[in-house]
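# Close look at the chain arrangement
Residues per chain, in single letters:
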Amino acid sequence: MIHKLRPLLASALLLTSVAALPTHAIAATPSNTLVIAKNIADIITFDPAEAFELTTGELMANIYDRVMMSEPEDLQKLVGGVVESWEISVDGKTIVFTLRPGQTFHSGNPVRAEDIVWSLRRVVKLNKTPAFIITQFGWNAENVDELVKVVGDKAHITITEDLSPGLVLNALSATVGSVIDMKTAMANEVDGDMGYAWLKANSAGSGAFELKKWKANELVTLQAFDDYRHGKPAMKRLIMRHIAEPATQRLQLEKGDIDMARELQPDQIKGLAGNDDVVVLNNPKASTYYMALNASHPKLKHPKVWEAMRYLVDYQGMVDSFLDGQFQVHQAFWPEGLWAGLADNPYQLNIEKAKTLLAEAGAADMSITIDTLSKPPFTDIAQTVQAAFAEAGIKSEILTSEGKTLWPKYRARRHEVIIARWSPDYLDPHSNADAFAHNPDNRLEAKLTGKVAWRNAWDAAEVNELTEQARAELNLDKREGIYTELQKRVQANSPFIFMFQQIEQIAMRSNVKGFVSGASFDLVFYRNVTKD
């Protein structure tokens, strides 16, 4: 029964050698190395207790096995990661995990129940941005040692909140559910930090690959773990190169300098037609792109301004032009195609209606800033929105920055309007509901940075209780109905304007097989990749 609670959308370095040809030379990546081109400026840390960025989440899925996870062979099924089985108590409050036998970390240390317990306790005690994913279980620094413990050779966790057991298991498949080699991390401890400083740029996992090098805004290198529980990966190493310009990614892909280009724009994808050496994967994703208004701003806190902004987005116009093939219009916080997803899109561009609403809110002469990432499609979306704002009488300035600058600013509530993206931390609708529709403490000092509602100073009073009701409901049909209602309320009356859902297009050399990119950012797997 628990496994059925996780329906997904499934979807199907720099080392080069030169092969001499009669008329010209073509570069080729080594047969045992996967070379990926991607903008990796969002990487801040490799510590599973802190990592909360899209690129890092993808890499961590290959470096660490988690308590629970989905495997590339069947993304629709939630299974044990380092654990082989689990038992849930009759009251649903306690889960007992039994480990898979014979697992080792990259260091050679055995994977133990103690490592599971220590890893989860560590997330809670460090209390970094993604900690809320498991502190929602009722855990805090004072009680976690009692609620998360080893009994015999098994890991026992106890939940004090009213949560569906399926939600708990799904949450343990998030990055914060990564199991760290306690002995290695603690050998690198400084001043009681539980290895925090060291793990920012190192790894201590048991996944298919080990982190060997990270040079910010340059590259990440992973090395295959020969003793991985699923067997030795075919690729000896993976090199992810920071190539920010899509045009450069395309050029290097066609030359054979890289195996995969991750961020080509629609016109560049179309330009690859007829090139038999390149194939394009189309992967429906759970990533949503949205605009958020900081409700602590004197004019952005007005519900009529929120409504006006919904009519200042040319949703279909963008999808039909520069977003063609890579996005669909989507106006709810949970993605279409996933269980409990809402497909209703009631808003469209209407400048005159927006002007009327702005006037009624006393915000007709507003001047604001728009923060977003300094790369497409964010910059293109921001410019299109800025043009619509201008037609409605709103003066705006676009501020672009890299993720390592933008996300800390956003988490500190120092933005006015932001255009951003969100991907679920685990594929249960509570993941997004808890972020966008739950903010039990709106005080600045609460620092609930993992909640987007808190980041935008929205107290979410009218939906907090509904979110809590949904997370505890055991009946699937009732739970789905609550999430539908919750999405409609947030869609109609919140500082969030949901705009698009992503369709990821990945261009890669035709000899590359077995790459898997699932619905969320941390369901991307390299271990089955081969080269013909």
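As a reminder, the structure under discussion sits directly above these lines.
Residues numbered from 1 in each chain as written. Predicted model: local features only at pLDDT ≥ 70, side-chain atom pairs only at ≥ 80, totals over all residues. Heavy atoms only, no water.

Scanning the protein from terminus to terminus reveals 18 helices and 23 strands. Once the C-alpha set of the protein is aligned to its principal axes, its extents read approximately 70 × 65 × 45 Å. Of the roughly 19,700 Å² of accessible surface on the protein, 48% is carried by carbon and sulfur atoms. Both charge centroids of the protein, one from 56 positive and one from 67 negative side chains, sit 3 Å from each other. (Helix = DSSP H or I, 4+ residues; strand = E, 2+ residues; numbered from the N terminus. Areas by Shrake-Rupley, 256 points an atom, 1.4 Å probe, with all protein chains shown as cover. Lys, Arg positive; Asp, Glu negative; His and termini not counted. Charge placed at Lys NZ, Arg CZ, Asp CG, Glu CD.)

A few words on the side chain of Asp434. Here Asp434 lies in helix α15 (residues 430-436). Look past the residues within four positions of Asp434 in its chain and what remains in contact with it is Phe132, Gln136, Lys451 and Thr467. (Contact = heavy atoms within 4.5 Å.)

A few words now on the nonpolar core. Membership of the largest hydrophobic core comes to 160 residues, with the highest contact counts inside it found for Phe97, Trp139, Met291 and Met309. In this structure Phe97 touches Val67, Met68, Val83, Ser85, Trp86, Lys154, Ala155, Ile157, Leu169 and Leu172, once residues within four positions along its chain are discounted. (Core = buried A, V, L, I, M, F, W, Y, C linked by side-chain atoms within 4.5 Å. Buried < 20%, exposed > 50% of the residue type's maximum accessible area, 1.4 Å probe, protein only.)

Let us now look at the packing of helix α17 (residues 461-472) against helix α18 (residues 476-492). The contact between α17 and α18 brings their axes to 9 Å, and the two run at 160°. Judged on the interaxial angle alone, α18 and α17 are roughly antiparallel. For α17 against α18, the interelement crossing comes out left-handed. On α18, the residues touching Glu462, Val463, Leu466, Thr467, Gln469, Ala470 and Arg471 of α17 are Arg479, Ile482, Tyr483, Glu485, Leu486 and Arg489. Residue composition of the contact of α17 with α18, by class: six nonpolar, two polar and five charged. (Axes fitted to C-alpha atoms, helices over the stretch in contact; angles between N-to-C directions. Parallel < 35°, antiparallel > 145°, perpendicular 65-115°, else oblique. Left-handed = near helix turned anticlockwise from the far one by under 90°. Nonpolar A, V, L, I, M, F, W, Y, C, P; charged D, E, K, R; others polar.)

Moving on to the layout of surface pockets. By volume, the largest pocket amounts to about 320 Å³. What lines the largest pocket is a set of 18 residues, and nearest its centre among them are Asn127, Phe132, Thr135, Lys447 and Leu448. When the residues that make up the lining of the largest pocket are grouped by side-chain class, the tally is five nonpolar, seven polar and six charged. (1 Å grid on protein atoms, 1.4 Å probe; cavity = no way out; pocket = protein on both sides within 12 Å on 5 of 7 lines; lining within 4 Å. Points joined across faces, edges and corners; volume = space filled by probe spheres on them.)

A sheet is described by the order of its strands in space; here four strands give the open sequence β6-β7-β9-β8, paired in antiparallel fashion. Unpaired on one side and paired on the other, β6 (83-88) and β8 (148-151) mark the two borders of the sheet. Neighbouring strand axes in the sheet, compared pairwise and without regard to direction, differ in orientation by 25° on average. Bridge analysis of strand β7 (residues 94-99) against strand β9 (residues 154-158) gives four bridges, and the strand direction is antiparallel. Looking across to β9, one finds that Ile95 is bridged to Ile157. (Pairing = 2+ DSSP bridges.)

Another point: unusual backbone geometry. Residues Pro376 and Pro377 are joined by a peptide bond in cis, for which omega reads 5°. Take Pro377: it is sitting in the loop between β16 (367-373) and α13 (378-391). A positive phi angle is found at Asn217, which is not glycine, with a value near 60°. Secondary-structure assignment places Asn217 in the loop between β10 (209-215) and β11 (219-224).

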